Amino acid sequence: MDRLKKKTWLLALAALFLLTACASLSRRPLETVEDERSGFNGLKWGVNVSVLGDLRPVETEDRVKIFRRKGDSHRIGPIVLNLIYYGFYRDLFCAAALIFEGRDAGQKIKETLVNKHGPPDVEMDFDDGVSFIWDKATVEISLSYNGRGALKYRYKPIIDTIDLD
């Protein structure tokens, strides 16, 4: 291999390494997300989907779009997540849903949320499961689980306009 090709190859490899390193640094593990008021998992609430390049569409219906994100960590501490969905309304980021399995996982997530946000504002018991809601100023956090569970974050300034359209 001549010198120019070798140098070009090494520069491309270095650039790829830097891009990968920067992408991994920008993704904080979910257990370290400190303030859901500004966003979720590194995405700012209200960001336009057009500026995000790492999303894969799952479902699109009229003004609502659901995506998955490449490279997401599917863990909250020791809890393994099945899926993480990102919701957009009129192309603006407004919701996230984390799907997991098992009551034990749900109980651990609830403990984490109680430690972080205090007791839930709403608690509901069902024949086959439970549901909790923390209603914060700009974000509603809901947790529901039985054999399968979901932790959802809803950015109220956008979500609350859906019924008005």
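Calculation rules
Residues numbered from 1 in each chain as written. Predicted model: local features only at pLDDT ≥ 70, side-chain atom pairs only at ≥ 80, totals over all residues. Heavy atoms only, no water. Salt bridge = Lys/Arg side-chain N within 4 Å of Asp/Glu carboxyl O. Helix = DSSP H or I, 4+ residues; strand = E, 2+ residues; numbered from the N terminus. Buried < 20%, exposed > 50% of the residue type's maximum accessible area, 1.4 Å probe, protein only. Expected span 1.5 Å × (residues − 1). Arc of directions from axis to C-beta. Contact = heavy atoms within 4.5 Å. Pairing = 2+ DSSP bridges.

Engineer: Teacher, can you tell me more about the pattern of salt bridges here?
Structural biologist: In this structure the tally under the stated criterion is 6 salt bridges. R63 is the partner of D62 in a salt bridge, and the nearest nitrogen-oxygen pair spans 3.8 Å.

Engineer: Sorry if this is basic, but what is going on with the environment of I76 here?
Structural biologist: Position of I76 among the secondary structure elements: in strand β5 (residues 75–76). Note: C-alpha distance between I76 and K108 (32 residues apart in sequence) is 9.7 Å.

Engineer: Just checking my understanding: could you explain the environment of L81 for this structure?
Structural biologist: For L81, the position within the fold is in strand β6 (residues 79–89). Judged by relative accessible area, which is 3%, L81 ranks as buried. When the C-alpha atoms of L81 and L98 are compared, they prove to be 6.7 Å apart, with 17 residues separating the residues in sequence.

Engineer: I tried to follow helix α2 (residues 103–117) on my own but got confused; where do I start?
Structural biologist: Residues that lie three or four places apart on an α-helix share one face, since the helix turns once every 3.6 residues. Spanning 15 residues, α2 covers 20 Å between terminal C-alpha atoms, matching the ideal 21 Å at 1.5 Å per step. Taken residue by residue, α2 has A105, G106, I109, L113 and H117 as its buried positions. Projected down its long axis, α2 carries its buried residues within an arc of 95°, all on one side. Those residues of α2 that are exposed and angled more than 90 degrees off the buried face are D104, E111 and N115. Lining the buried residues of α2 we find β5, β6, β7 (92–101), β9 (129–135), β10 (139–145) and β11 (148–155). Of the residues flanking the end of α2, it is G118, one or two places downstream, whose phi is positive at about 85°.

Engineer: Can you help me understand the pairing of β6 in this one?
Structural biologist: Look at any regular strand and the pattern is simple: side chains alternate between the two faces of the sheet. Most of β6 is tucked away: 8 of the 11 residues are buried. Here strand β4 (residues 64–69) runs beside β6; their pairing, made up of 4 bridges, is antiparallel. Note on β6: the bridge partner recorded for I66 is G87. In terms of strand pairing, β5 meets β6 through 2 bridges, oriented antiparallel. Of the residues in β6, the one forming a bridge with R75 is V80. What sits between the antiparallel neighbours β5 and β6 is a turn of 2 residues, in which G77 has the positive phi angle 55°. Here β6 pairs with β7 via 8 bridges, running antiparallel. Looking across to β7, one finds that G87 is bridged to A95.

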